[in-house]
Amino acid sequence: MAEKNDSWVLMVTAQTPTNIAVIKYWGKRDENLILPINDSISVTLDPAHLCTTTTVAVSPAFTQDRMWLNGKEISLSGGRYQNCLREIRSRANDVEDEKKGIKITKKDWEKLHLHIASYNNFPTAAGLASSAAGFACLVFSLAKLMNAKEDNGQLSAIARQGSGSACRSLYGGFVKWIMGKEENGSDSIAAQLVDEKHWDELVILIAVVSSRQKETSSTSGMRETVETSPLIQHRALEVVPKRIIQMEEAIRNRDFPTFTCLTCSDSNQFHAVCLDTSPPIFYMNDTSHRIISCVEKWNRSEGTPQVAYTFDAGPNAVLIARNRKAATLLLQRLLFYFPPESGANLNSYVVGDKSILKDAGIQDMKDVESLCPPPEVKDNIPAQKYKGDVSYFICTRPGRGPVLLTEESQSLLNPETGLPK
Ligand SMILES: Nc1ncnc2c1ncn2[C@@H]1O[C@H](COP(=O)(O)OP(=O)(O)OP(=O)(O)O)[C@@H](O)[C@H]1O
Ligand SMILES: C[C@@](O)(CCOP(=O)(O)OP(=O)(O)O)CC(=O)O
């Protein structure tokens, strides 16, 4: 395997986006393989603002598989990590790096150990789908390191075994996770519907909503729903299949009104089946409901939808605006209702694509304080403000799929030791 000595380290670094579902995945037919009970559709978010970077390394000097997440060593003993590692190892091929004098044969991969370092440029386990970007990045980077010949669709079936929603992060733009029929899950894969340039007018604002309580994890939440909700069968068998067809068409035609109607209805139905679970699961909170009301009122008053909303297994709102103009008007509304705590810095209250602030005519806290109530608010009811109920906003857009990072400075592991930098 190794040439003259055992001191070499071979590494690959990749960057992978996160995604947000507009037709939700909720419910499994196979817990171990992570096979869903319905198709789902998502939009990939721009990795410039939300992404995972992962470096994977192999060396004959490594004595065990190890992983560091955001700088802290974590255990790889969990079934999901083990399933991904086993599946990707079985697809490894010969690798040769002539410059470094490294030759690894297909069989060597069974014995060689890996070091993995990963970093999320956004809060982990805060309801921003870190597991989606994380498992997609793990599988994508290992596939490149091991010279696996599988395309992203085939890799998505491996990422799916880390976390269901991860399979959709192998592509940019709008992505469909086809539930598949096979018992072994081989046809439960992601496919790109359109790339990120197809509908590049869209602007996405995420309201990261302050929440103290730790909500039910998606994994256990969907298990309880499948076990106890009489509504979930109707959703999976009758509602979602029709919505998937309509959503695909709306996306292809850039039909924002239909897109909004489907996105909002599907988010609401997902939360309705959570409520239909016994005991009921509450993911949204009062702030989430207030954001929905604000958007619904505005969309109605405009006569045609300006913004779609969707909520995953937590209170954070993901708001998809039809264009830049609508996004600036939305941000003005949101900052009016949800100003930051006194003394907060506007610069850390709106992150991601901060240029949206300038477009909205907001340069400092004084501009936030002087925002007028939205015109759709009835004059006889004074508009209430909810200072501090939103932690911060992220402004982003549809984005691209996984990429390799080739600059050594971007790797998270030391090229000599294979340990975190
Ligand atoms: N970069 C990463 N690489 C590998 N695994 C990761 C990475 N980031 C997160 N994970 C895994 O995902 C878990 C967090 O997933 P969890 O579903 O709790 O939160 P989330 O994905 O951020 O939020 P949500 O699923 O509610 O949107 C972590 O404990 C870890 O096991
Ligand atoms: C509400 C959702 O975000 C649920 C995501 O569930 P996960 O993919 O986190 O669940 P596991 O497959 O058990 O890891 C909807 C969606 O992303 O489609």
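Just so it is clear, the structure is predicted and the values come from calculations on it, not from any experiment.

S.K.: I tried to follow the overall build of the protein chain on my own but got confused; where do I start?
M.R.: A count of helices and strands for the protein chain gives eleven helices and 19 strands. Relative to the 2.2 N^0.38 estimate, which gives 22 Å for 421 residues, the radius of gyration of the protein chain is 23 Å and therefore close to what a compact globule would have. Here the C-alpha coordinates of the protein chain stretch approximately 80 × 50 × 40 Å along the principal axes. The burial tally for the protein chain puts 56% of its 421 residues in the buried class. For the protein chain, long-range pairs separated by at least 24 residues make up 76% of all intrachain contacts whose partners lie at least 6 apart in sequence. Looking at the protein chain as shown, the accessible area adds up to about 18400 Å², and 49% of this sits on carbon and sulfur atoms. Across the protein chain, the 47 positively charged side chains and the 49 negatively charged ones have centroids separated by 1 Å.

S.K.: What is the right way to read the site of ligand 2 from this model?
M.R.: In the vicinity of ligand 2 lie 17 residues, with Tyr-25, Lys-28, Arg-80, Ser-163 and Ser-165 positioned nearest. Here Ser-163 contributes a side-chain N or O atom positioned 2.7 Å from an oxygen atom of ligand 2. In isolation ligand 2 exposes 460 Å². Once the protein is present, 93% of that is buried. A per-element tally of the shell around ligand 2 places helix α4 (residues 218–228) first, with three residues. In terms of residue class, the shell around ligand 2 is built from seven nonpolar, five polar and five charged.

S.K.: Please clarify how the site of ligand 1 should be interpreted in this entry.
M.R.: As a structural note, the neighbourhood of ligand 1 is formed by 15 residues, with Tyr-81, Ser-118, Asn-120, Ser-130 and Ser-131 the closest of them. Here Tyr-81 contributes a side-chain N or O atom positioned 2.8 Å from a nitrogen atom of ligand 1. In this structure, Ser-131 approaches ligand 1 through a side-chain N or O atom, which is 2.8 Å from an oxygen atom. Calculation on ligand 1 without its partners gives an accessible area of 630 Å², and the protein chains cover 77% of this total. Listing elements by their share of the shell around ligand 1, those giving two or more residues are β7 (66–69), β11 (113–120) and α2 (130–145). It is α2 that provides the largest number of residues to the shell around ligand 1, a total of three residues. Classifying every residue of the shell around ligand 1 by side-chain character gives seven nonpolar, eight polar and no charged.

S.K.: In this structure, what is going on with the packing of helix α5 (residues 231–252) against helix α6 (residues 256–275)? I would like to understand it.
M.R.: Helix-helix packing is described using two parameters, namely the angle between the two axes and the distance between the axes. Orientation of α5 relative to α6, taken along the N-to-C sense of each, is 160°, at an axis distance of 10 Å. With respect to α6, the axis of α5 lies roughly antiparallel. For the pair α5 and α6, the sense of crossing is left-handed. From α5, Leu-231, Ile-232, Arg-235, Val-239, Val-240, Arg-243, Gln-246, Met-247, Ala-250 and Ile-251 reach across to α6, where they touch Thr-258, Phe-259, Leu-262, Thr-263, Ser-265, Asp-266, Gln-269 and Val-273. Partitioning the contact of α5 with α6 into residue classes produces ten nonpolar, five polar and three charged.

So, how was this worked out
The written sequence of each chain sets the order in which its residues are numbered from 1. Chains and ligands are labelled sequentially in the order written, the chains with letters from A and the ligands with numbers from 1. Residues qualify for local features only when their pLDDT is at least 70, as the model is predicted, and side-chain atom pairs are given and counted only at 80 or more; totals for whole chains, interfaces and linings, by contrast, use all residues. Hydrogens and water molecules were not included; the side-chain quantities draw on all heavy atoms of the structure. Under the scheme used here, helices are H or I runs from DSSP no shorter than 4 residues and strands are E runs no shorter than 2 residues, and both carry numbers assigned from the N terminus. Note that the radius of gyration is over C-alpha atoms, with the globule rule given as 2.2 Å times the number of residues to the power 0.38. Three exposure classes are used, based on accessible area relative to the maximum for each residue type with a 1.4 Å probe and protein chains only: buried under 20%, partly exposed in between, and exposed over 50%. Two residues form a contact once any of their heavy atoms are found within 4.5 Å. The method behind every accessible area is Shrake-Rupley, applied with a 1.4 Å probe, and residues are considered shielded solely by the protein chains displayed. Here the positive residues are Lys and Arg and the negative ones are Asp and Glu; neither His nor the chain ends is included. Charge placement uses NZ in Lys and CZ in Arg. For Asp and Glu, CG and CD serve respectively. For this description, a residue counts as near a given molecule or strand if any of its non-hydrogen atoms is within 4 Å of it. We call two N or O atoms a polar contact when they sit within 3.5 Å, provided that within protein one can donate a hydrogen and the other can accept it, with sequence-adjacent residues counted only if both atoms are side-chain atoms. Residues are grouped as follows: Ala, Val, Leu, Ile, Met, Phe, Trp, Tyr, Cys and Pro are nonpolar; Asp, Glu, Lys and Arg are charged; every other residue, Gly included, is polar. To define axes, lines are fitted to C-alpha atoms, for helices over the stretch in contact only, and angles between the resulting N-to-C directions are given on a 0 to 180 degree scale. Angles are sorted into four bins: roughly parallel if under 35 degrees, roughly antiparallel if over 145, roughly perpendicular if 65 to 115, and oblique for all others. It is the rotation of the near helix from the far one that decides the hand of a crossing: anticlockwise by less than a right angle makes it left-handed, clockwise makes it right-handed.

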